[in-house]
Amino acid sequence: MELGLTGKTAAVAAGTAGLGLGTAKALAADGVRVGVWNLD
Amino acid sequence: MELGLTGKTAAVAAGTAGLGLGTAKALAADGVRVVVCGRDENRLQKALVEIGHGAIGFVCDVSTDVGGREFAERAIAMLGSVDILVANGGGPPPGGFAQTPEAQYLEALQKNLLSVVAMCQVAVPPMRERGWGRVLAITSVAVRQPMNNLILSNTARAGVTGFLKTLAREVAGDGVTVNSIQPGTHATDRITQLYGANPDVKAMGIPAGIMGDADDFGRIGAFMCSDSAKFMTGVQLHVDGGSYAGLL
């Protein structure tokens, strides 16, 4: 399925583990430039 | 996004127009072998061309339990098995309490409740045996927030939502998910029927400021049928441009 997200950008809070990481991976796999951060 | 649906089969009731057609197109585009039905042969043939990807179909009226059962049985016969059932159908006529005789409630329950029950009775047991299945019913955001002058739809679709939620919990352990998708105002023939050819979108009060697109709707439905949505069941997802004002 083409989501139409190529070239979009996303900031994923607490995106280094768990559900945030899963979301960041899915967005990146669909062409989104992703930024993540966490406390560690 | 890879939906993991390649090689699966789907029966999309009333899949020759509107939101059913949008869903059939999205599933077919993701590798699903699709069978659709509709009431009109010409519209069926046009829809099969639009869906593409080898979609097949036949004329069948799913506005009763008999029609719903016939559709599911013929779909299984044509495809060998049905992995995905999209339970869809037209809405009942508009009207409020004062304009609606009791007999029309029975017709509405046939159309929007018992037809879905019958489709599920045919399609779900084989899904459970195979350990994989998806039921997606297209209902209405009116289930969540009843709409004025649509007392039949409000009543029948609330009933089918109770059925689907109960079914979802009963079959969840067999790899079968059961969800409904609740459209708000989309640019379809149904809206033309209710509001005329050029509805005033602003007057509809849709926060998004636009009507929904049937193809977008179909892709949301396709995701709900995907392998990645295996943990999503018993859900009623409203797709309405923000019209529904409640929290839950």
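This structure is a prediction, so every number in the text was calculated from the model and none was measured.

Novice: Tell me about the overall build of chain A, residues and numbers included.
Specialist: From N to C terminus, chain A includes one helix and two strands. Mapped from its N terminus to its C terminus, chain A presents α and β elements in the order β-α-β. Structurally, chain A occupies a C-alpha span of about 35 × 15 × 10 Å along its principal axes. Counting every position in chain A, which comprises 40 residues, the buried fraction comes to 10%. Considering only residue pairs separated by 6 or more positions, chain A has 38% of its internal contacts joining residues 24 or more positions apart.

Novice: If you had to explain the sheet that holds strand S3 (residues 56-59) of chain B to someone new, which residues and values would you point to?
Specialist: Residues and elements named next belong to chain B. Strands sit in the order S3-S2-S1-S4-S5-S6-S7 across an open sheet of seven strands; the sheet is parallel. For this open sheet the edge positions go to S3 and strand S7 (236-239), each flanked by a neighbour on one side alone. With direction set aside, neighbouring strand axes in the sheet form an average angle of 15°. In this structure, strand S1 (residues 9-12) lies alongside strand S2 (residues 33-38), joined through four bridges in parallel fashion. If you follow Thr9 over to S2, its bridge partner there is Arg33. Along the sheet face, helix H2 (residues 41-51) touches S2 and S3 and points at about 160° away from the line of S2. Each of S1, S2, S3 and strand S4 (84-87) touches helix H3 (residues 65-79); the most contacted strand, S2, lies at about 145° to it.

Novice: Kindly report on the environment of Ile84 of chain B, identifying the contributing residues and their values.
Specialist: All names here are of chain B. Note on placement: Ile84 falls in strand S4. The spatial distance from the C-alpha of Ile84 to the C-alpha of Ala123 is 8.6 Å, given a sequence separation of 39 residues. Ignoring anything within four residues of it in the chain, the contact list for Ile84 reads Lys8, Thr9, Ala10, Leu27, Val32, Arg134 and Cys225.

What counts, and where the lines are drawn
- Within every chain, residues take consecutive numbers counted from 1 along the sequence as written.
- Naming scheme: in the order in which they are written, chains are lettered from A and ligands are numbered from 1.
- Given that this is a predicted model, residues contribute local features only at a pLDDT of at least 70 and side-chain atom pairs are listed and counted only at 80 or more, while totals for whole chains, interfaces and linings are drawn from all residues.
- Helix numbering and strand numbering both begin at the N terminus, where a helix is a DSSP run of H or I of at least 4 residues and a strand a DSSP run of E of at least 2.
- Residue burial is a threshold on neighbouring C-beta atoms within 10 Å of the residue's own C-beta, all placed from the backbone, with 20 or more meaning buried, 12 or fewer meaning exposed, and counts in between meaning partly exposed.
- Residues are scored as being in contact if the C-beta atoms we place from backbone atoms lie within 7 Å.
- The pairing criterion is simple: DSSP has to find at least two bridges between the two strands.
- Where helices are involved, their axes are fitted lines through C-alpha atoms of the stretch in contact, as for all axes, and angles between N-to-C directions lie from 0 to 180°.

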